[in-house]
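Coordinate analysis (summary)
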Amino acid sequence: LVRSGSAVSLSRQVQDTGGSSAVSKCSAAARGYIQDRFLRLLAGRRRRRAPLIHRGYYIRARAVDHCVQDFLLKTQSLPRTQILSLGAGFDSLYFRLKDMGLLHHTVVYEVDFPNVACQKATLIKGIKELSALVGDTGGEGLGAITFSGDDYKLLGVDLSELSELERTLEEAGLNNEIPTLFIAEVVLTYMENTRSDALIQWAAEHFPRACFLLYEQVHPEDPFGRVMQQHFRQLNTALHSLAQYPDCKAQQRRFLGKGWTECSVMDMNEFFTCCIPEDEQQRVQTLEPFDEYEEWHLKCSHYFVLAASKGMEPSWTPLSPSVTVPGPVGMAGSVSAAVCARLSGIPGLRRYGHHSVLIKPNVILTMGGFGEEDGQHCRVRNFHVLSKHAGHWEAVCVAQNIPDKRWGERLYHTVSCLSDTLALVVGGRTSPLSTGLGMLWLKFPKTCDASGPDDVAVELVSLQPAAEAAALRWRHSTTEITFKGEQYLFVYGGRSALEPVLGDWHFLHAPELSYTAIAVEGPVPESRHSHSACSWEGGVLIAGGLGAAEQPLGSVFLLRELEHGFQWQTIETHPPLVPRYSHTAHVHEGKLLLVGGVWFHAPSVPGVTVIDLMTGLCLNYGINVEHLEWPLMLHNHSSVFLPNEKKLLVIGGGGNCFSFGTHLNPEPVLLSLSSILTSH
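Residues numbered from 1 in each chain as written. Predicted model: local features only at pLDDT ≥ 70, side-chain atom pairs only at ≥ 80, totals over all residues. Heavy atoms only, no water.

1. Some points on the packing of aromatic side chains
Evaluated as defined, the whole model comprises 32 aromatic pairs. Here the aromatic rings of Y94 and F95 are separated by 5.1 Å at their centres, their planes lie at 80 degrees, and the arrangement is edge-to-face. F95 sits in the buried class, given a relative accessible area of 0%. Ring geometry for F658 versus F660: centroids 5.6 Å apart, planes at 75 degrees, classification edge-to-face. F660 sits in the buried class, given a relative accessible area of 9%. Three or more aromatic residues joined by ring pairs make a cluster, and in this case those are F483, Y488, F490, Y492, W505, F507, F557, F566 and W568. Positioned above the aromatic ring of W296 is the side chain of R55, whose terminal nitrogen or guanidinium carbon lies 5.4 Å from the ring centre. In this arrangement the basic side chain of K299 is found over the ring face of F658, its NZ or CZ atom lying 5.1 Å from the centre. (Phe/Tyr/Trp six-rings, centres within 6.5 Å; stacked < 30°, edge-to-face > 60°. Buried < 20%, exposed > 50% of the residue type's maximum accessible area, 1.4 Å probe, protein only. Lys NZ or Arg CZ within 6 Å of the ring centre and 35° of its normal.)

Put into structure tokens, the structure is as follows:
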């Protein structure tokens, strides 16, 4: 097989993705996500991956296993079946199935680049645990057949050379007449579409009874999708299928148009919810300390599993949804986004998991989070003060004066402004293992602004024992409320190192922060974190959040003042609020504004949702980003509403995009809301 130099180099890049994938699967198995003792024998080098990567490879392995075992179950009464794994790499599928006793009448064929197949054949022959499973008949391969056992054939062929593939499979004994399962796990997308389409069509035309399992990426054009595409382009392994088949429906049409008669498809959020039992979901969610929900759900919305079939009796439908699948979100219009000119180029504003608060008109304090500081990515220690002069925003960095720097390095905390010289920081974490970080007073002079701020004085808050529980949490909310004319802070929800989701609340009397017991009646909201909370008419509006099952919530509650205490009331919205979390919120003239967040409705991403608190009318608006040169990720951000201008200043946002790198929104952005607030 004669290949050009560039094609050889490209194939090497694609092979590298397979090696990296094997290492990640091996790491996930070592942490108990998947039960597979063969991965460590095939993966070669070992390296511990992050919990987010473990979850990503868990869901991938689970989706493939779910469909493969369903195929074997549905065909167990037939005399013979076969599995053809395309681009198998160093996958352990055959060894797992053989070890489980599931291959009594099934032959497994694996195909990959010749040098990958040769390496794998050498590994199998050299490791007794593997060669014993294949059996002693696993002789020397001939030509492209690098390993041949009774029920296992390993072939070295370039998948894009269809005639060569067909000839080698025939030589290896593949039988077109018996039920065949094709598996392509992040493989076809690396081929030119004409070649991958031809392969899909060839499988349908040449095998009367066949099933096809595909696992690949989807949704290339939303912010996460753009970061994902850029990553693969930098690796010189562009994802070719995305332009022509950008969503699940397009992939479904692709297969139905290429000769397959049945085809179902799910993204991985849907698969996790519908196809994994609740007890198994809970097991996986508690395997490691974890706090990257946004990136986990975004990763899952950008991968799908597809099951196509033809000629199967009974029909092969391993992906039957048990719940109603979310449809596209209708948009009532859009709001424009523009870079905030004078604030560009300030690295300290590139961060996520931070908090921003308006300390007086036209002066904003931003604190904490993870982002850029001193030329590196780290937990951000310094404050930034933003202020508006002569119509322009400016920002300046303010160093923290604090005895223990860990108290200042925190994510997912809240900052509440109690006066124009005093703010309170509540909770937050360093790592997901931290027990919580207590409270800090931030004291600044009346003259504080970006023209030359004095240092912000930071003091640790000494709390009464009864109030300490309020501080040991993160992803919570802290809201100013009024009861009998007195000012209180209402700390609600969140999570802690011990509890993955909290549903409790605390009333702290300001300014001394004494714990106060106040009666609350009405239906108690479901426990949640990463929700929004706004002061309104002396009470609190709670919207959205992530619930106990790591599912986004779509409920809106009002904690309303009564004569003797407070009462929870549900605010009905119509149409119902699309469940979301990791958004920000503001109230303006009887309207609740929800900004950004994460939901399960790809490819649309949350923009600005406006809820009329009098009528319950709920309208979604997209964000027009044509003037931005980079992906705008509206989660883990902070936002400040500027009522006089009817604009939102969005600061920071982004996160660790699976294995594709960290994305930080490079510049603060102004969203112009005047059109939707006047017309709403």
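Still to come is the rest of the account.
2. Details of the sheet that holds strand 18 (residues 414–419)
Taking strand neighbours across the sheet as the criterion, the four strands line up as 18-19-20-21 in an open arrangement whose pairing is antiparallel. Of all the strands in the sheet, just strand 18 and strand 21 (457–460) have a single pairing partner and so form its edges. Averaged over neighbouring strand pairs, the angle between their axes works out to 25 degrees when direction is ignored. Bridging between strand 18 and strand 19 (residues 422–426) involves five bridges; their strand directions are antiparallel. In the sheet register, S416 faces strand 19, and the bridge partner there is L424. (Pairing = 2+ DSSP bridges. Helix = DSSP H or I, 4+ residues; strand = E, 2+ residues; numbered from the N terminus. Axes fitted to C-alpha atoms, helices over the stretch in contact; angles between N-to-C directions.)

3. Things to note about the pattern of salt bridges
Per the counting criterion, the structure on display carries 28 salt bridges. The partner of D197 in a salt bridge is R254, and the shortest N-O contact between them spans 2.8 Å. Pair noted here: D197 is in helix 8 (residues 193–206) and R254 is in helix 11 (residues 248–256), with a separation of 57 residues, a long-range link. The residues D197 and R254 share a single accessibility class, namely buried. (Salt bridge = Lys/Arg side-chain N within 4 Å of Asp/Glu carboxyl O.)

4. Some details on the packing of helix 3 (residues 51–74) against helix 13 (residues 278–285)
Where helix 3 meets helix 13, the axes come as close as 11 Å, and the angle between the chain directions of the two elements is 150 degrees. With respect to their mutual orientation, helix 3 and helix 13 come out roughly antiparallel. Here the hand of the crossing between helix 3 and helix 13 comes out right-handed. Across the interface between the two elements, R55, Y58 and R62 of helix 3 pack against E280, R283, V284 and Q285 of helix 13. Tallied by class, the residues present in the contact of helix 3 with helix 13 amount to two nonpolar, one polar and four charged. (Parallel < 35°, antiparallel > 145°, perpendicular 65-115°, else oblique. Left-handed = near helix turned anticlockwise from the far one by under 90°. Contact = heavy atoms within 4.5 Å. Nonpolar A, V, L, I, M, F, W, Y, C, P; charged D, E, K, R; others polar.)

5. Some details on helix 11
All of the buried residues in helix 11 are C248, A250, Q251, R254 and F255. Mapping the buried residues of helix 11 onto a view down its axis gives an arc of 160 degrees, with all of them on the same face. Away from its buried face, by an angle of more than 90 degrees, helix 11 presents the exposed residues K249 and R253. For helix 11, the N-terminal cap is D247; the gap from its side-chain oxygen to the backbone nitrogen of K249 is 3.3 Å. (Arc of directions from axis to C-beta. Polar contact = N/O pair within 3.5 Å; in protein donor to acceptor, adjacent residues only side chain to side chain.)

6. Some thoughts on the nonpolar core
One finds I59, V68, F271 and V305 to be the most contacted residues of the largest nonpolar core, which totals 81 residues. For this core, the element with the most residues is helix 3, which contributes 12 residues. Structurally, this core is a two-domain feature, drawing no fewer than three residues from each of domain 1 (61–310) and domain 2 (331–672). Not counting residues within four places of it along the chain, the set of residues in contact with V68 comprises I83, L93, L97, L181, I183 and L213. Counting 35 residues, the second largest nonpolar core, distinct from the first, contains Y109, V157, L159 and L199. (Core = buried A, V, L, I, M, F, W, Y, C linked by side-chain atoms within 4.5 Å. Domains from an automatic or database assignment.)

7. So, the domain arrangement of the chain
Domains assigned within the chain are domain 1 (61–310) and domain 2 (331–672). Using C-alpha coordinates to define each centre, domain 1 is positioned 43 Å away from domain 2. Summed over the three residues of domain 1 that lose the most area to domain 2, namely D291, Y293 and E294, the buried surface amounts to 24% of that side. Applying the counting criterion to the domain 1 and domain 2 interface returns four salt bridges. Summed over the shared surface of domain 1 and domain 2, the result is 14 residue pairs in polar contact (both at pLDDT 80 or more). Counting residues per element, the ones that place at least two in the side of domain 1 that touches domain 2 are helix 9 (223–234), helix 12 (268–275) and helix 14 (293–301). Of the residues belonging to the side of domain 1 that touches domain 2, the class tally is 11 nonpolar, seven polar and seven charged. (Buried area = accessible area lost by both parts, 1.4 Å probe.)

8. Some thoughts on unusual backbone geometry
Trans is the prevailing form of peptide bonds, just as negative phi is the prevailing case for residues other than glycine. With omega at 5 degrees, the peptide bond leading from A510 into P511 counts as cis. Residues H574 and P575 are joined by a peptide bond in cis, for which omega reads -10 degrees. Mapped onto the secondary structure, P575 falls in the loop between strand 30 (565–570) and strand 31 (584–588). At K484, a residue that is not glycine, the phi angle is positive and equals roughly 55 degrees. Mapping K484 onto the fold places it in the loop between strand 22 (477–483) and strand 23 (486–492). The exposure class of K484 is exposed, given its relative accessible area of 59%. With a phi angle near 60 degrees, S530 is a residue other than glycine that sits in the positive phi range.

9. Section: the environment of G327
By the secondary structure assignment, G327 is in the loop between strand 9 (303–310) and strand 10 (333–339). The exposure class of G327 is partly exposed, given its relative accessible area of 35%. Taking the C-alpha atoms as reference, G327 lies 32 Å from L86; in sequence the two are 241 residues apart.

10. Quick word on the sheet that holds strand 13 (residues 363–367)
Read across the open sheet, the four strands follow the order 12-13-16-17; overall the sheet is antiparallel. Each edge of the open sheet carries a strand with a single partner, namely strand 12 (355–360) and strand 17 (392–398). In this sheet, adjacent strand axes meet at a mean angle of 25 degrees when their direction is disregarded. Note that strand 12 and strand 13 share five bridges and pair antiparallel. Following the sheet pairing, S356 is matched in strand 13 by T366.

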